Amino acid sequence: MTTLPVIGTTVQPSQPTVNLGTTTSFAVLAGTTITNTGETVIQGDAGSNVGLFPGTSITGQTSMTIGGAVHIADSVASIAKTDLQTAYNDAAGRTPVTRIPSELGGKTLTPGVYDSADGTFQITGTLTLDAQGNPDGVFIFKSASTLITAVDSNVALINSARYCRTFWTVGSSATLGVNSHFVGHIFAVTSIAANTGASVQGQLLAMNGAVTLDNNTITNGVCDETDTPVVVTPPDAETPTPTETPTPVVTPPTTEPSPVTVEAPSEAVTETVTGGRMPDTATPWYTLLLIGAVLVVAGAVSWKKR
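Everything in this summary refers to the structure shown in the same document. Note that the coordinates shown come from a computational prediction; the quantities given were computed from them, not determined experimentally.

## Digging into the sheet that holds strand E12 (residues 121–123)
Link 1 in the chain: Across the sheet, which stays open at both edges, the 7 strands sit in the order E6-E3-E22-E20-E18-E15-E12 with parallel pairing between neighbours. Two strands in the sheet have a free side with no partner beyond their single neighbour: strand E6 (57–59) and E12. On average, each strand axis in the sheet is inclined to that of its neighbour by 5 degrees, with strand direction left out of account.
Link 2 in the chain: Where strand E18 (residues 174–176) and strand E20 (residues 192–194) come together, 3 bridges link them in parallel fashion. Directly across from threonine 175, in E20, lies its bridge partner alanine 193.

## Section: the packing of aromatic side chains
Link 1 in the chain: Counting across every chain of the model gives 5 aromatic pairs.
Link 2 in the chain: Between phenylalanine 141 and tryptophan 168, the aromatic rings sit 4.2 Å apart at their centres with planes inclined by 15 degrees, giving stacked as the arrangement. A residue pair is termed long-range when its members are at least 10 positions apart, and phenylalanine 141 in strand E14 (residues 139–143) and tryptophan 168 in strand E17 (residues 166–170) qualify at 27 residues. Take phenylalanine 141 and tryptophan 168: they sit in the same class, and that class is buried.
Link 3 in the chain: Here the aromatic rings of tryptophan 168 and phenylalanine 182 are separated by 5.1 Å at their centres, their planes lie at 50 degrees, and the arrangement is tilted.

## Side note on the nonpolar core
Link 1 in the chain: Among the nonpolar cores identified, the biggest contains 43 residues, and Phe141, Trp168, Phe182, Ile186, Leu204 and Leu213 are the most heavily contacted of them.
Link 2 in the chain: Here the element with the most residues in this core is strand E19 (residues 181–188); it accounts for 4 residues.
Link 3 in the chain: Setting aside residues no more than four positions away along its own chain, leucine 213 makes contact with Ile34, Thr35, Asn36, Thr37, Thr40, Ile42, Met64, Ala194, Leu204 and Ile218.
Link 4 in the chain: Core analysis: the next-biggest nonpolar cluster, separate from the first, contains 17 residues, Tyr88, Ala91, Val97 and Phe187 among them.

## Some remarks on the pattern of salt bridges
Link 1 in the chain: Enumeration over the complete set of coordinates arrives at 4 salt bridges.
Link 2 in the chain: Among the ionic pairs, aspartate 115 bridges to arginine 99, the shortest N-O distance being 3.2 Å. In this pair, aspartate 115 is assigned in strand E11 (residues 112–116) and arginine 99 in strand E9 (residues 98–100), connecting sequence segments 16 residues apart.
Link 3 in the chain: Residue aspartate 115 is classed as buried on the basis of its relative accessible area of 10%.
Link 4 in the chain: Residue aspartate 136 is joined to arginine 165 by a salt bridge in which the shortest nitrogen-to-oxygen separation is 3.9 Å. With a gap of 29 residues between them, aspartate 136 in the loop between strand E13 (126–130) and E14 and arginine 165 in the loop between strand E16 (154–158) and E17 connect regions that are remote in the sequence.
Link 5 in the chain: Arginine 165 gets classed as buried once you look at its relative accessible area, which sits at 17%.
Link 6 in the chain: Look at the salt bridges and you will find they share partners, linking Asp136, Arg162 and Arg165 into a network.

Conventions and cut-offs
- Residues numbered from 1 in each chain as written.
- Predicted model: local features only at pLDDT ≥ 70, side-chain atom pairs only at ≥ 80, totals over all residues.
- Heavy atoms only, no water.
- Pairing = 2+ DSSP bridges.
- Helix = DSSP H or I, 4+ residues; strand = E, 2+ residues; numbered from the N terminus.
- Axes fitted to C-alpha atoms, helices over the stretch in contact; angles between N-to-C directions.
- Phe/Tyr/Trp six-rings, centres within 6.5 Å; stacked < 30°, edge-to-face > 60°.
- Buried < 20%, exposed > 50% of the residue type's maximum accessible area, 1.4 Å probe, protein only.
- Core = buried A, V, L, I, M, F, W, Y, C linked by side-chain atoms within 4.5 Å.
- Contact = heavy atoms within 4.5 Å.
- Salt bridge = Lys/Arg side-chain N within 4 Å of Asp/Glu carboxyl O.

Shape is all these values report; function is a separate question.
Rendered as structure tokens:
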């Protein structure tokens, strides 16, 4: 057996998956009794049956939503219990094994088979399972005694890791914390308790003891890749159509023409002469008399010179 502390990730030879047989169709299977409190939902396309053998009592069934059938102490439940024992023996016997610390919270692990020195496993915070792009990568955790997860703890799957390739063998009992999220198939020799609000992607399968539920959601879905990346292709960038800048239209201010004053032509003024008086516009008579005298004198002077 290899002892290897977990620093980042560990790598092991690939493992085949564990054959579940007819237990595949069960989300919950117990030995003595199944007890439920609150509105628990059991669902999943792979199998959402609830089974009990050899026990005959399910308490709180009326407040459960069960997607499949309920098998109590019948042949279907009996065969499923036999197949559960076979699956447990297969997973518990896998080698090679890597020994790691019992606290799994804060670790990232790659496919392989793991156990701990003290025979227990705890999850506080988040355990990350990294399949490194291989959807058939198998994770097997072997606890000789107990499996306990803390309040709000989480098991995260990345790089094609799948819940249907994750298996937990528990030599005694498993307890899932309040509002925790758990991934994988639990094969417990004795009992399994899912505390208030815990959710499970996988199966709760107890061979000899009870399964206790409390407002849980258990999904045993189709074995699909859980983290197929979604590639968002942005739309082709469109070249913006250049917008012509409109030539500004300058409207000159409206100038009202200055009013033109047209003077009417002066009317001829005819002064009326009264009392034999000549109009002021005529040449005065004494001026004419003076001119005549000048002409006479000029003529006389001219005659003497001859």
